[in-house]
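Survey of secondary and tertiary structure
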Amino acid sequence: MHGDRWRRFGFVSEHPMTGPTVAIKSVLPLATATSTRLEKCIVNGHQHRAIASYAFSNPLPRSAVFLKNSIPNLVVTRIPSSNCRCSTGRSTMDASAKAGHDLLHFINVSPTPFHAVHQVKQRLEKAGFQHLQEKDPWAKICAPGGKYYLTRNASTILAFAIGKKWKPGNPIAMIGAHTDSCTLRVKPVSKKQSDGFIQVGVETYGGGLWHTWFDRDLSIAGRAFVKAGDGSYTQKLIKIDRPILRIPTLAIHLDRQEKFEFNKETQLFPIAGLAAAELNRTGQSHHTPSSSTTEEEADFAPLKATIERHHPYMVELIAKEAKVDPSEVMDFEMVLYDTQKACVGGLNEELMFSPRLDNLEMSYCSAMGLINSLHSPSSLDEETAIRLISLFDHEEIGSETAQGANSNFLPTMVRRLSALSLKGSGEPDADAYEQTLSKSFLVSADMAHSVNPNYTSKYESNHKPEMNKGTVIKINANARYATNSPGIVLIEEAARRARVPLQLFVVRNDSSCGSTIGPMLSSSLGTRTLDLGNPQLSMHSIRETGGVYDVEHAIKLFESFFEHYSELEKKFVVD
């Protein structure tokens, strides 16, 4: 019965795994279309373009009947089964949203820069990238057509692919992003207790919207250094997958302030439980050293043991995750994260509600753009350049660290690569480094601001980026961003070839402006640079909002940039 009903409507789609489904197209006029997909439908003789599709199994939902009955002469293009992939039992994933869903998985397993770098490493290795170290002699290892990656501090990662026609002094196509996000970090001595509550001391990292961290289900993640049986020390990734912390607000009845204000040193400490419950668990009133061990007999310890500086049960949880004894946890770097998963949202599932979009989204897009540009076995056969991404830690606190963008990390890597003399490439010139810098281009990829409908007056009237309408080129007359006209023309051509939209953004003259790694890298390298990013709302909140289709836009843009830069570079002569 339902099959006949669907066929009368004329938009049956057969899926080989799930059987017949009904494709319902959400449509907008071409003037306001947000996608370049080619599926069309005709409504009253006017052509519209589809921006989303969904599939429903038995029975046919009322929404499908309503859509058909409310729009006369509706004709909907059939969706091939190959373009559908079921994400749940009740709906299929739009092909152009697939990258957005994959990003959300990436974010959910990456609560810290250490986890994000680990996830990028796994994707690079799956794509055939080989692990390098800074101490290695690259000239003896690297080969034409080779793909490599290296890390620093396990929180910054650089990956590159060498064109088979590379010569010393040739250009490098680069994309830079950052792996860190605003968060709360556990203090070196975090053990606190007040009025019957166990609390954890934390310090702010970056310029977060800290009021959004109140009344959230929080946990901890990071890395721990543990002592092995042979006396060596190894790093273990830690992610406690359950809520253990919460920062409670004060009831409105006790303080009727119009503005939510708080002291970050005294009122931002999370509670971790009740002291009485911990005493019942351990069966003791307080920690006392063993009576059989005297101070003279004990080993000298410059610092108190980890289990004394932090609540013992928290150390036990970390040790359990690391699969070691609590006494073997020598130190750790832990931050707080929201245990609520990133998810797709919006009436048409066109939005993403997620932590850490700034800037894991652009880190993810950079990595996938590089990987996708190398999908074909012959992708590097005619390539004369090197394709490179560098994902830095510590952007949110100024980048002034060994693994930050303002360190020697990228300049050193570029110097080594510029003089890389491979088989048949000839000996490098003495100024190969300077030649490479003058020919290279850096895309600084950091999230941008979408227009907020509740605060439209905060945006310049002609520069209001919208979600799912493309990556945003960021411009600032005072060089808070590194963008200039040659870069805009180059990126526009890459976008044209990828058939993805772009947008432009500047701040109001009476508004402050953020900055990125773009200006500092362009000044230290002297290479051409452009700042861009996908639009989002609530930047630096514990939960941010982005457009699910913009993920694919950025990946395709970066893929096109890598694939075409060698050709485009020759067409831009700016002395």
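Residues numbered from 1 in each chain as written. Predicted model: local features only at pLDDT ≥ 70, side-chain atom pairs only at ≥ 80, totals over all residues. Heavy atoms only, no water.

Points about the overall build of the chain
Here is the rule we go by: Secondary structure counts use DSSP, requiring at least four H or I residues in a row for a helix and at least two E residues in a row for a strand, with both numbered from the N terminus. Contact criterion: two residues are considered in contact whenever any of their non-hydrogen atoms come within 4.5 Å of each other. Computed by Shrake-Rupley with a 1.4 Å probe, the accessible areas treat only the displayed protein chains as cover when residues are assessed.
Broken down by element type, the chain carries 14 helices and 27 strands. Pairs at least 24 residues apart make up 75% of the contacts formed inside the chain by residues separated by at least 6 positions. Roughly 27700 Å² of accessible area belongs to the chain as shown, and the carbon and sulfur atoms make up 51% of that amount.

Observations regarding a nonpolar patch on the surface
In plain terms, the rule: Exposure above 30% relative accessible area and no salt bridge define the residues that can form patches, which grow by joining like charges within 9 Å and nonpolar side chains of Val, Leu, Ile, Met, Phe, Trp and Tyr within 5 Å. Counted as salt bridges are all cases of a side-chain nitrogen of Lys or Arg within 4 Å of a carboxyl oxygen of Asp or Glu. Per-residue accessibility, obtained with a 1.4 Å probe over protein chains only, is compared with the maximum for each type, and a residue is labelled buried under 20%, exposed over 50%, and partly exposed between these values.
A cluster of nonpolar side chains, namely F225, Y233 and M330, defines an oily patch on the protein surface of about 280 Å² accessible area. Take F225: its relative accessible area is 30%, and that puts it in the partly exposed class.

Some thoughts on the pattern of salt bridges
One pass over the structure, following the stated rule, counts 22 salt bridges. For K164, the salt bridge identified is with D381, shortest N-O distance 3.1 Å. On the criterion of sequence distance, the pair formed by K164 in the loop between β10 (156–162) and β11 (172–178) and D381 in the loop between α9 (357–373) and β20 (386–392) is long-range, its members being 217 residues apart. Between K165 and E382 there is a salt bridge; the shortest N-O distance is 2.5 Å. Note that K165 is positioned in the loop between β10 and β11 and E382 in the loop between α9 and β20, a separation of 217 residues in sequence. By relative accessible area, K165 is classed as partly exposed at 41%. Residue E382 is classed as exposed on the basis of its relative accessible area, which comes to 58%.

As for the sheet that holds strand β21 (residues 441–445)
Two orientations exist for strands paired in a sheet by backbone hydrogen bonds: parallel and antiparallel. Short version of the rule: For two strands to be treated as a pair, DSSP must find no fewer than two bridges joining them. Throughout, an axis means a line fitted to C-alpha atoms (over the contacting stretch in the case of helices), and angles, computed between N-to-C directions, take values from 0 to 180 degrees.
A sheet is described by the order of its strands in space; here nine strands give the open sequence β8-β9-β10-β20-β11-β21-β25-β23-β24, paired in mixed fashion. A single partner strand is all that each edge strand has here, and the edge strands are β8 (130–131) and β24 (502–505). In the packing of helix α4 (residues 113–126) onto the sheet, contacts are made with β9 (147–152), β10 and β20, and the angle to β10 comes to roughly 20 degrees.

Focus: the sheet that holds strand β26 (residues 535–537)
A sheet is described by the order of its strands in space; here five strands give the open sequence β18-β19-β27-β26-β22, paired in mixed fashion. Two strands bound the open sheet, and with one partner strand each, they are β18 (343–345) and β22 (448–449). For β26 and strand β27 (residues 544–547), the ladder comprises two bridges, and the chain directions are antiparallel. Across the sheet, the residue bridging to Q536 is G546, located in β27. On the sheet, helix α3 (residues 98–108) packs against β18 and β19 (351–354) and is oriented at approximately 0 degrees with respect to β19.

So, the packing of α3 against α9
Note the following rule: Convention used here: angles under 35 degrees read as roughly parallel, angles over 145 as roughly antiparallel, angles from 65 to 115 as roughly perpendicular, and any remaining angle as oblique. Here a crossing is called left-handed whenever its near helix is offset anticlockwise from the far helix by less than a right angle, and right-handed whenever the offset is clockwise. Each residue is assigned to one class: nonpolar for Ala, Val, Leu, Ile, Met, Phe, Trp, Tyr, Cys and Pro, charged for Asp, Glu, Lys and Arg, and polar for all the others, Gly among them.
With their axes 10 Å apart at the nearest point, α3 and α9 run at an angle of 120 degrees to one another. Considering their axes alone, α3 and α9 lie oblique with respect to each other. Crossing angle aside, the handedness with which α3 passes α9 is right-handed. Here A99, D102, L103, F106 and I107 of α3 lie close against α9, whose contacting residues are L357, L360, E361 and Y364. Its residues assigned to classes, the contact of α3 with α9 comprises seven nonpolar, no polar and two charged.

Describing the side chain of S110
For S110, the position within the fold is in the loop between α3 and α4. S110 sits in the buried class, given a relative accessible area of 1%. Among all residues touching S110, those that are not within four sequence positions of it are H115, A116, Q119, R356 and L360.

Focus: unusual backbone geometry
Across the chain, the bulk of peptide bonds are trans and the bulk of non-glycine residues have phi less than zero. Going from D358 to N359, the amide bond is cis rather than trans, its omega being 10 degrees. Note that N359 resides in helix α9. We note that D195 has phi near 50 degrees; this positive angle belongs to a residue other than glycine. Tracing the backbone shows D195 in the loop between β12 (183–194) and β13 (197–205). Its relative accessible area of 76% is what places D195 among the exposed residues. The phi angle at H394 is positive, at roughly 70 degrees, despite the residue not being glycine.

Description of the packing of aromatic side chains
Test applied: Pairing of aromatic rings covers Phe, Tyr and the six-membered ring of Trp, with a centre-to-centre limit of 6.5 Å; geometry is then stacked below 30 degrees between planes, edge-to-face above 60, and tilted otherwise. Comment: the charge-over-ring label is applied if NZ (Lys) or CZ (Arg) is within 6 Å of the ring centre and within 35 degrees of the ring normal.
The full count for this structure, using the stated rule, is twelve aromatic pairs. Three or more aromatic residues joined by ring pairs make a cluster, and in this case those are F441, F561, F562 and Y565. Lying over the aromatic face of Y313, R281 brings its terminal NZ or CZ to 3.7 Å of the ring centre.

Examining the confidence of the model for the chain
Fine structural detail should not be taken from predicted coordinates in areas where pLDDT scores are low. Spelled out, the test is: Note on scores: pLDDT gives the predictor's confidence for each residue, bounded by 0 and 100.
Across the chain, pLDDT averages 85, with 81% of residues at or above 70. Segment residues 1–92: pLDDT under 50, and 149 contacts once partners within four positions in sequence are set aside and those in other chains are kept. Segment residues 285–294: pLDDT under 50, and three contacts once partners within four positions in sequence are set aside and those in other chains are kept.

Quick notes on the nonpolar core
What counts here: Nonpolar core, defined: a set of buried Ala, Val, Leu, Ile, Met, Phe, Trp, Tyr and Cys residues in which side-chain atoms within 4.5 Å join the residues together.
Within the largest apolar cluster, 59 residues are counted, with the highest numbers of intra-cluster contacts made by Y364, I491, L532, F558 and F561. In terms of nonpolar packing, the next biggest core, distinct from the first, is built from 30 residues, V202, L245, I247 and A322 among them.

Brief notes about the side chain of K239
So the rule is basically this: As used in this structure description, the phrase polar contact means that two N or O atoms lie within 3.5 Å; if the pair is within protein, one of them must be able to donate a hydrogen and the other to accept it, and residues adjacent in sequence are counted only when both atoms belong to side chains.
Structurally, K239 can be placed in strand β15 (residues 233–239). A polar contact of 2.4 Å, which involves the side chain of K239, links it to the side chain of D241. Contacts of K239, omitting those with residues within four sequence positions, involve N108, P111, H115, I220, A221, E321, Y337 and K341.

Thoughts on helix α12 (residues 485–498)
Spelled out, the test is: By definition here, a helix of n residues has an expected span of 1.5 Å times n minus one. It is the directions from the helix axis to the C-beta atoms that the arc portrays.
End to end, α12 covers 20 Å across 14 residues, agreeing with the expected 20 Å (1.5 Å per residue, within 8%). All buried positions along α12 are accounted for by G487, L490, I491, A494, A495 and A498. One face of α12 carries all of its buried residues, which in axial projection span an arc of 135 degrees. Looking at the buried positions of α12, the neighbouring elements they touch are β21, β23 (471–474), β24, β25 (528–533) and α14 (550–569). Count one or two residues on from α12 and you reach R499, which has phi positive near 60 degrees.

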